[in-house]
2 protein chains.
Amino acid sequence: MVQRPRGTRDFLPDEMEKRRHYEAALRRVAKTFGFREVATPIFEESELFTLKSGPNVLDELYVFKDKGNREIALRPEMTAPTIRMFVNEMSNNPKPIKVFYFGQCFRYERPQSGRYREFFQFGAELIGNFDAESDAEIIAMASSMIKVFGLKNYIIKIGHIGILKQKVISAGVPEKCVVGVLQKLDKKLYDEARLLLLEMGVSEENIRGIFEFTETVGGVDVLSRVPGETGDYLRRVFDLLLAMGVGNVVIDLGVVRGLDYYTGIVFEVEAPTLGAEKQICGGGAYSLSELFGGERVFSTGFAVGFDRAIIAAEKEGLVCESESIKVYVLPTSKDMQIYASRVVANLRAADIVSDIEIMGRRVSKAMKYASAIGAEYVVIVGAQEIQQDSVMLRNMVSGEQKLVKISNLIEEIQ
Amino acid sequence: MVQRPRGTRDFLPDEMEKRRHYEAALRRVAKTFGFREVATPIFEESELFTLKSGPNVLDELYVFKDKGNREIALRPEMTAPTIRMFVNEMSNNPKPIKVFYFGQCFRYERPQSGRYREFFQFGAELIGNFDAESDAEIIAMASSMIKVFGLKNYIIKIGHIGILKQKVISAGVPEKCVVGVLQKLDKKLYDEARLLLLEMGVSEENIRGIFEFTETVGGVDVLSRVPGETGDYLRRVFDLLLAMGVGNVVIDLGVVRGLDYYTGIVFEVEAPTLGAEKQICGGGAYSLSELFGGERVFSTGFAVGFDRAIIAAEKEGLVCESESIKVYVLPTSKDMQIYASRVVANLRAADIVSDIEIMGRRVSKAMKYASAIGAEYVVIVGAQEIQQDSVMLRNMVSGEQKLVKISNLIEEIQ
């Protein structure tokens, strides 16, 4: 049997209906925030991703040469493609540019619970402004999107790339070594970070101070430990979020998000029910356009891990109702098929979800099938009824059955 | 500047909104017909496509080895993946199985007008039945989908793989040579077909008869030239389509659709406004599951060329309105940003598409921006107004402006 590729999924009807429901709801949230949708190709020149994340990223990309010998990669995320598109085609549009996107991304890594080689992201970028207002707008929208999934158990952690950077520099780490240290701290690799810091001559006391900082999480009051502009900036974001009714927010002085292209605020949303793979959303302020040949432009953005957010919703026991067949039209014999086709065509034209028996099954067997697929009504089209321009309408919930004029059928059902 | 790969497209907001509008409308049609959505991965093992279409298909596929040395191909179409999924996961479901899908497909070919390397298909498969009723159901749905695009100028051509096959066989072509001849006829390569037929000893008169047959297009009356079961079958499909109100249908005795996996009816929808690349939909009855390791199951399906259908709609001058910003919230100074944030959050929570000034622009400049993005209302949040729990509401169409209590704002706008 031909199997689907490892780490990918098929989505069967119930699952797909749920996914489309969430997708549509996320799209609506983005629209109410004044964002508009864009789309970029499934693959890009692999250079786009190495420019953003360095050559090591190739290890986890699906990279290949096309027949024209160009090195192509399936996109691992959609921020770089979106900014590439902005540089190519939107750089002269009035700012800010507010765009969102939804689609597949690909990473070649060992498949495990909640990690797939083909996964889905819903993300947004606010391009062309660098300000607490932009950051608050983006975080507020991320918060509204998490609400779409109905999650109760989640937390939004906000930090700033400048906080820990400042702390590390003031402890005596040379500017060019800062990124290396932050990467260790971001991954909570304290032993490795300690070795690195000791080599640079940082004192034990300062190291303890740094570690303690990375573990500091709390309300707006923890900002009392962050002096200067960065503290004021985060306080402003916090106030704006409060005004917009955003809850479940904490300040996390240790959030770094590994990637060194962030320039200011960084944030993550975690759903603790998911265990180790608990991050369902991540974002921050960054600048990328200059890497792709454009002018330097500041942006803020985020992406929701669509698959994980759905798993989190399921772990909380949230369900998403599917729309079943409303009417099943059942000809009592092959001779009635033409009449039945007319009836079902009228129902469908009236936007009523309708199916018709086409397998030539007998009435009793077809009724069982209608019941199995959850049809609300069965319309029985028989010779006697047709002579009276009528059909038999059976309510599958109550079991009631009555003769209805074809001209009144839609009215009876709605 | 990093460019997007050749033959692919970026979709900017106006374009994307139009595409999502059509996609949603097609999805709704499929649902009203009792079909349910499924999705398969962007790539499959390349064997899936060579099993269906032969090894030559590799020439136009994006094929590559993944890091585990598996030969992978970006999907060129979605029927094979859907049937693979059916064999793997749905083969025991009650029949018929009615599924639809929408997504990207990929072909490595020279990009030209209306032909892209990354293109979009909306398709459906009715799995597990082989009958005029199934075929009529599928063609009726294809017809309703074409109507979604608002097209007036299109034609649905219906044929049957058996007609020309029978004609060719009765002219003396050996069974094993039939496919070769049909392929030439399908491509209207009459000179090559003539040579082939002459080699097989077919008489000039019979050759003329075959060629004339392939050019026969018309109403149900042309079926008088098709004897036996196939003629009756097509007449039945025609009657069912008539009952379902499907128009713009002709019988085309020459439709073959090149692919040799079709087993019965075949059909195409053409939009003549598109010139050479005029086919916007194609489908037919087939059997594939046995190639992928399942039991033999008959199906009928089709796919709409989403990109071309949109181009056809545009050629007919059809437009699709986009939803612009309803309300632009404008703080008169930085001090008012917090109040303004509260106002905009309430509007968004009420599902009103709203944006907020975050660039710190002065009122006159921000008003120009609001006008440029087509905002219907501007809500001005100023210190004086806030003292009265009010904001200034400006109707950008009429130019009227009035003081409105914040508690009444949503009511005033809706």
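Residues numbered from 1 in each chain as written. Chains lettered and ligands numbered in written order. Predicted model: local features only at pLDDT ≥ 70, side-chain atom pairs only at ≥ 80, totals over all residues. Heavy atoms only, no water.

This part is about the overall build of chain A. Each helix and strand counted, chain A has 14 helices and 17 strands in total. A globule of 414 residues ought to have a C-alpha radius of gyration of about 22 Å, yet chain A, at 28 Å, is considerably larger. Evaluated residue by residue, chain A yields a buried proportion of 57% over its 414 residues. Looking at chain A alone, contacts between residues at least 24 apart form 67% of all its contacts between residues at least 6 apart. Of the roughly 17,000 Å² of accessible surface on chain A, a fraction of 48% belongs to carbon and sulfur atoms. When the 52 positive and 57 negative side-chain charges of chain A are each reduced to one mean point, those points stand 4 Å apart. (Helix = DSSP H or I, 4+ residues; strand = E, 2+ residues; numbered from the N terminus. Rg over C-alpha atoms; globule rule 2.2 N^0.38 Å. Buried < 20%, exposed > 50% of the residue type's maximum accessible area, 1.4 Å probe, protein only. Contact = heavy atoms within 4.5 Å. Areas by Shrake-Rupley, 256 points an atom, 1.4 Å probe, with all protein chains shown as cover. Lys, Arg positive; Asp, Glu negative; His and termini not counted. Charge placed at Lys NZ, Arg CZ, Asp CG, Glu CD.)

This part is about the sheet that holds strand β4 (residues 71–74) of chain A. All names here are of chain A. One open sheet accounts for three strands, arranged β2-β4-β3; its pairing is antiparallel. In this open sheet, the two strands that pair with only one neighbour each are β2 (43–45) and β3 (63–65). Taken pair by pair, the neighbouring strands of this sheet meet at an average axis angle of 35 degrees, ignoring direction. Direction of pairing for β3 relative to β4: antiparallel, over a ladder of three bridges. From the neighbouring strand, Val-63 faces β4, where its bridge partner is Ala-73. (Pairing = 2+ DSSP bridges. Axes fitted to C-alpha atoms, helices over the stretch in contact; angles between N-to-C directions.)

Time to look at the side chain of A:Asp135. Residue and element names in this part refer to chain A. Locating Asp-135 in the fold gives a position in helix α4 (residues 132–148). Nearest to the buried, unbridged Asp-135 among oppositely charged side chains is Arg-236, at 10 Å. A distance of 2.8 Å separates polar atoms of two side chains, one belonging to Asp-135 and the other to Thr-300. (Salt bridge = Lys/Arg side-chain N within 4 Å of Asp/Glu carboxyl O. Polar contact = N/O pair within 3.5 Å; in protein donor to acceptor, adjacent residues only side chain to side chain.)

Residue and element names in this part refer to chain B. Relative to the helices and strands, Ile-139 is located in helix α4 (residues 132–148). Its relative accessible area of 0% is what places Ile-139 among the buried residues. Separated by 161 residues in the primary sequence, Ile-139 and Thr-300 place their C-alpha atoms 9.3 Å from one another. Setting aside residues up to four positions removed in sequence, Ile-139 forms contacts with Ile-156, Ile-158, Val-237, Leu-241, Ile-265 and Phe-267.

With that settled, consider the pairing of strand β11 (residues 279–287) of chain A. Residues and elements named next belong to chain A. Extensive coverage of β11 is indicated by the burial of eight of its nine residues. The sheet contact formed by strand β10 (residues 262–270) and β11 spans six bridges and is antiparallel. Across the sheet, the residue bridging to Glu-270 is Gln-279, located in β11. Where β11 and strand β12 (residues 298–305) come together, seven bridges link them in antiparallel fashion. Bridge assignment links Gly-284 to a residue of β12, and that residue is Gly-301.

Mapping chain B onto chain A calls for a rotation angle of 180 degrees and an axial translation of 0.0 Å; the resulting RMSD is 0.1 Å. The symmetry that links the two subunits is that of a two-fold axis. The position closest to the rotation axis in chain B is occupied by the C-alpha of B:Phe64, lying 3.0 Å away. Looking at chain B, 100% of its interface residues are interface residues in chain A too, so the copies touch through the same face. (Least-squares fit on C-alpha atoms with pLDDT ≥ 70 in both.)

Moving on, we get to the packing of helix α6 (residues 178–186) of chain B against helix α7 (residues 190–199) of chain B. Residues and elements named next belong to chain B. It is at 8 Å that the axes of α6 and α7 come closest, and there the two elements cross at 160 degrees. In terms of their interaxial angle, α6 and α7 are classed as roughly antiparallel. For the pair α6 and α7, the sense of crossing is left-handed. Contact residues: Gly-180, Val-181, Lys-184 and Leu-185 in α6; Tyr-190, Glu-192, Ala-193, Leu-196 and Leu-197 in α7. Here the residues of the contact of α6 with α7 sort into six nonpolar, one polar and two charged. (Parallel < 35°, antiparallel > 145°, perpendicular 65-115°, else oblique. Left-handed = near helix turned anticlockwise from the far one by under 90°. Nonpolar A, V, L, I, M, F, W, Y, C, P; charged D, E, K, R; others polar.)

Right, let's talk about the packing of aromatic side chains for a bit. All names here are of chain B. In total, this model carries 36 aromatic pairs over all chains according to the counting rule given. Considering the side-chain rings of Tyr-190 and Phe-211, the 4.8 Å spacing of their centres and the 45 degrees angle between planes classify their relative orientation as tilted. Of the two residues, Tyr-190 is situated in helix α7 and Phe-211 in helix α8 (residues 204–214); the sequence distance between them amounts to 21 residues. For Arg-19, the ring lying beneath its charged end belongs to Phe-11, and the centroid distance is 4.0 Å. (Phe/Tyr/Trp six-rings, centres within 6.5 Å; stacked < 30°, edge-to-face > 60°. Lys NZ or Arg CZ within 6 Å of the ring centre and 35° of its normal.)

Moving on to the interface of chain B and chain A. Interface size is commonly expressed as the accessible surface area that is lost when the partners come together. Counting residues at the interface gives 99 residues for chain B and 99 residues for chain A. At the boundary of chain B with chain A, total buried surface from both sides reaches about 8,500 Å², with 57% on carbon and sulfur atoms. Of all residues in chain B, the largest losses of buried area upon contact with chain A belong to B:Val2, B:Lys67 and B:Ile358, amounting jointly to 8% of the total for that side. Linking chain B with chain A are 24 salt bridges, by the criterion used here. One salt bridge connects A:Asp351 with B:Arg28, and the closest N-O pair in it is separated by 2.7 Å. Taken together, the links from chain B to chain A amount to 54 residue pairs in polar contact (both at pLDDT 80 or more). The element contributing the most residues to the side of chain B that touches chain A is helix α1 (residues 13–32) of chain B, with ten residues. (Buried area = accessible area lost by both parts, 1.4 Å probe.)

Let us look at the pattern of salt bridges. Two side chains carrying opposite charge are able to pair once their charged atoms lie near each other. Applying the stated rule across the entire model yields 80 salt bridges over all chains. We note a salt bridge from A:Arg70 to A:Asp66, for which the minimum N-O separation is 2.9 Å. You can call A:Asp66 buried: its relative accessible area is 8%. B:Arg20 serves as the salt-bridge partner of B:Glu23, at 2.7 Å between the closest nitrogen and oxygen.

At the junction of A:Lys95 and A:Pro96, the peptide bond is cis and its omega measures out at -5 degrees in the coordinates. Of note in this structure, B:Asp351 is not a glycine but carries a positive phi near 65 degrees. Within the element layout of this structure, B:Asp351 appears in the loop between α11 (337–349) and β14 (354–356). Positive phi is not limited to glycine here, since B:Asp389 has a value of about 55 degrees. With respect to the helices and strands, B:Asp389 occurs in the loop between α13 (383–387) and β16 (390–395). Given the relative accessible area of 53%, B:Asp389 is considered exposed.

This is a description of form; function is not addressed.
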